[in-house]
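Here is how the chains run, residue by residue.
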Amino acid sequence: MRLSSPRLDLGAALLAGLVLLVLALFPVSVAEAQGPQGAPAVIRAIHPVEGQSLDLFAIVIDLSEETTFRHEVLTGPDRLVIDLDRSFVAASAQRMTGRSLPAIGALRAGLFMAGQSRIVIDLARPVLVERADFVRQAGVARLVVQLRATSAEAFMAQARLDSARRMTSRMARPEPPPDDRGDTRPLVVIDPGHGGIDPGASGARGETEKDIVLAIGLALRDRLARSGRVRVAMTREDDRFVSLGERVKFARAREARLFVSLHADSLAGEPDVRGASVYTLSDRATDALAARAAEKENRADLIAGLDADEEAKGGIEPILLDFARRETRAFGQLAARQTVTALGNRTHKTPLRGAGFRVLRAPDMPSILIELGYLSNPQDLRALVDGNDQKSLAETLAHALESFVLATSTPEPAAAAPAP
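Residues numbered from 1 in each chain as written. Predicted model: local features only at pLDDT ≥ 70, side-chain atom pairs only at ≥ 80, totals over all residues. Heavy atoms only, no water.

Chemist: What exactly am I supposed to notice about the side chain of Arg70 here?
Modeler: Residue position: Arg70 is located in strand 4 (residues 69-74). A distance of 2.5 Å separates a polar atom in the side chain of Arg70 from a polar atom in the side chain of Asp85. Of note is the side chain of Arg70, whose polar atom sits 3.2 Å from the side chain of Gln116. (Helix = DSSP H or I, 4+ residues; strand = E, 2+ residues; numbered from the N terminus. Polar contact = N/O pair within 3.5 Å; in protein donor to acceptor, adjacent residues only side chain to side chain.)

Chemist: Explain the pairing of strand 9 (residues 127-137) to me, please; I cannot follow it from the model alone.
Modeler: The element strand 9 is largely enclosed, with a buried count of eight among its 11 residues. Where strand 9 meets strand 10 (residues 140-149), 10 bridges bridge the pair, whose relative direction is antiparallel. If you follow Val129 over to strand 10, its bridge partner there is Leu147. (Buried < 20%, exposed > 50% of the residue type's maximum accessible area, 1.4 Å probe, protein only. Pairing = 2+ DSSP bridges.)

Chemist: Explain the environment of Ser266 here, please?
Modeler: Within the secondary structure, Ser266 sits in the loop between strand 13 (258-265) and strand 14 (276-281). In this structure the C-alpha to C-alpha distance between Ser266 and Leu375, which are 109 residues apart in sequence, comes to 5.0 Å. Contacts of Ser266, omitting those with residues within four sequence positions, involve Ala201, Ser202, Lys296, Tyr374, Leu375 and Ser376. (Contact = heavy atoms within 4.5 Å.)

Chemist: Which parts of the structure should I look at to understand the packing of aromatic side chains?
Modeler: Each aromatic ring pair is characterised by the separation of its centres together with the angle its planes make. Following the criterion strictly, the structure yields four aromatic pairs and no others. Taking the centre distance of 5.0 Å and the plane angle of 70 degrees together, the rings of Tyr279 and Phe357 count as edge-to-face. In this pair, Tyr279 is assigned in strand 14 and Phe357 in the loop between strand 15 (347-355) and strand 16 (367-374), connecting sequence segments 78 residues apart. For the pair Tyr279 and Phe357, a shared accessibility class is recorded, and that class is buried. Measuring from ring centre to ring centre gives 6.3 Å for Phe331 and Phe404, while their planes differ by 70 degrees; the resulting arrangement is edge-to-face. With Phe331 in helix 10 (residues 326-343) and Phe404 in helix 12 (residues 387-408), the pair connects residues that are 73 residues apart, well separated along the chain. In this arrangement the basic side chain of Arg257 is found over the ring face of Phe331, its NZ or CZ atom lying 4.6 Å from the centre. (Phe/Tyr/Trp six-rings, centres within 6.5 Å; stacked < 30°, edge-to-face > 60°. Lys NZ or Arg CZ within 6 Å of the ring centre and 35° of its normal.)

Chemist: What should I look at first to understand the sheet that holds strand 9 in this one?
Modeler: Sheet strands pair via backbone hydrogen bonds, and the direction of the pair is either parallel or antiparallel. Pairing is mixed in the open sheet, where five strands are placed in the order 6-2-3-10-9. The sheet is open, and its two borders are formed by strand 6 (87-89) and strand 9, each paired with just one other strand. The mean inter-strand angle of the sheet, taken between neighbouring strand axes irrespective of direction, is 30 degrees. Bridge analysis of strand 2 (residues 41-50) against strand 3 (residues 56-63) gives seven bridges, and the strand direction is antiparallel. Within strand 3, the position partnered with His47 by the bridge is Val60. (Axes fitted to C-alpha atoms, helices over the stretch in contact; angles between N-to-C directions.)

Chemist: I keep staring at the nonpolar core and nothing clicks. Help me out?
Modeler: Most often, soluble globular proteins have nonpolar side chains that are buried together. Within the largest apolar cluster, 35 residues are counted, with the highest numbers of intra-cluster contacts made by Leu220, Val260, Ile368, Ile370, Leu372 and Leu384. Within the residue set of this core, elements represented by two or more residues are strand 11 (187-192), helix 4 (209-227), strand 13, strand 14, helix 10, strand 16, helix 11 (378-385) and helix 12. Leu220 has contacts with Ile190, Ala394, Leu397, Ala398 and Leu401, leaving out every residue within four places of it along the chain. One finds Ile61, Leu80, Ile119 and Phe134 within the second-largest nonpolar core, a separate group that totals 33 residues. (Core = buried A, V, L, I, M, F, W, Y, C linked by side-chain atoms within 4.5 Å.)

Chemist: Just checking my understanding: could you explain the environment of Ser64 for this structure?
Modeler: Secondary-structure assignment places Ser64 in the loop between strand 3 and strand 4. With relative accessibility at 8%, the residue Ser64 sits in the buried group. Residues Ser64 and Ser87, 23 residues apart in the sequence, show an inter-C-alpha distance of 9.4 Å. Engagement of the side chain of Ser64 in a polar contact is seen with the backbone nitrogen of Val42, the distance being 2.9 Å.

Chemist: Got a minute to help me understand helix 10 in this structure?
Modeler: Along an α-helix, residues three or four apart share an orientation, since each turn contains 3.6 residues. Here helix 10 contains 18 residues, and its C-alpha end-to-end distance of 26 Å stays within 8% of the 26 Å for a straight helix at 1.5 Å per residue. The complete set of buried residues in helix 10 reads Thr328, Gly332, Ala335, Ala336, Thr339, Val340 and Leu343. What you see down the axis of helix 10 is that its buried residues fit within an arc of 135 degrees, all on one side. Opposite the packed face of helix 10, turned more than 90 degrees from it, sit the exposed residues Arg326 and Thr341. Where the residues of helix 10 are buried, they touch strand 13, strand 14, strand 15, strand 16 and helix 12. Where helix 10 terminates, the next one or two residues include Gly344, which has phi positive at roughly 55 degrees. (Expected span 1.5 Å × (residues − 1). Arc of directions from axis to C-beta.)

Chemist: I keep staring at the pattern of salt bridges and nothing clicks. Help me out?
Modeler: Note that side chains of opposite charge can pair when their charged atoms are close. Scanning the entire structure with this criterion turns up 23 salt bridges. With its nearest N and O atoms 2.7 Å apart, the salt bridge here joins Asp265 to Lys296. In this pair, Asp265 sits in strand 13 while Lys296 sits in helix 6 (residues 288-297), placing the two residues 31 residues apart along the sequence. Relative accessible area serves as the criterion here: at 3%, Asp265 is assigned to the buried category. Linking Glu270 and Arg292 is a salt bridge whose minimum nitrogen-to-oxygen distance equals 3.3 Å. Of the two residues, Glu270 is situated in the loop between strand 13 and strand 14 and Arg292 in helix 6; the sequence distance between them amounts to 22 residues. (Salt bridge = Lys/Arg side-chain N within 4 Å of Asp/Glu carboxyl O.)

Chemist: Looking at this model, I keep getting lost on the sheet that holds strand 11. Mind explaining?
Modeler: Strand order in the open sheet made by the six strands is 12-11-13-16-14-15, with mixed pairing throughout. In this open sheet, the two edge strands, each paired with only one partner strand, are strand 12 (231-234) and strand 15. If you compare each strand with its neighbour and ignore which way they point, the axes differ by 20 degrees on average. Note: strand 11 against strand 12, four bridges, orientation parallel. Note on strand 12: the bridge partner recorded for Ile190 is Met234. With respect to the sheet, helix 6 is in contact with strand 13, strand 14, strand 15 and strand 16, its orientation differing from that of strand 15 by roughly 65 degrees. Together, strand 13, strand 14, strand 15 and strand 16 form the strand contacts of helix 10, whose direction differs from that of strand 14 by roughly 175 degrees.

Written out as structure tokens, the structure is:
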């Protein structure tokens, strides 16, 4: 991954030509651009710009102020990833504006982790970043990322280099220790799916899976915390992206007694399909719907601009399918059955399912994935976005999950009485 300074020499003629074109195409006002001092930079718009030749073009990112940034390329599929520190993405910047370019495909932009935004651009042909620099116009900080078409071989070589740097950086990053090691109550980890740059499924009026499962996850957390009988932690508590591997790593590092991933799917052209389903890990999907759900959820890392194969190699993935303990899977199936029983008439006609979800593959931690309903079904959608229904669902889930964890946890031995 290449670290770019927010101030570089603007003497290159090609970049200068692109800058002039940007200034002409996208005029702005001072009032539109200025933001409070010390606030995160706001990413306001993203534009593609043609260059002076067919193989030269740029991605222009409008911000309220300059910030540090990095860029890298990935393969399978080919993507350009741009990370911007101390920033967040305005709604207007989540779609590319201006004329589309043949080399540029779909764009995704959103919060990637605390204080860091990510822009992922799918590439229709291999390109590499030649230069990247900030220019200012009427108070707007514009990051001009100059791109040039290249060969597949050169693109692959750069992707390998970026991958090696990324792995080195990850290995040097220490894992923060859990802050509740002295608490012996069993731990439930709640994992609201998707988040940040990955919205997940969507409803008819733009409702997003990431927002719905976060709201229900927070309500579930609060309900479990109020009872005080178990500990509870969340893989995310706001609108940020967490990779599939990091979700599992988070829970395993804290020795969770149960890992619960929350989702809400959408089925195009099938508005009559409704109801919740509970999944456990299975080497073979129980049906076509389960296989489709797992394939969709397992693509989350690709959507967010991560190398899914690399994420697997860097964590525990190689051992999961081969050495998943029978006891762990049996406990996961028990938790799933108890959850389905508690959900009652909220469930799909086939409520218990199995599939190869990556977030369920921990070998030493019972894990379930709950599809809370379908955003493509009007009845499910109304319930999933209603605050009272969310609290009711959280109450139902909390009772089932808490009962399972307390019934299957080994009590801590009582402390010996002090000698007289």
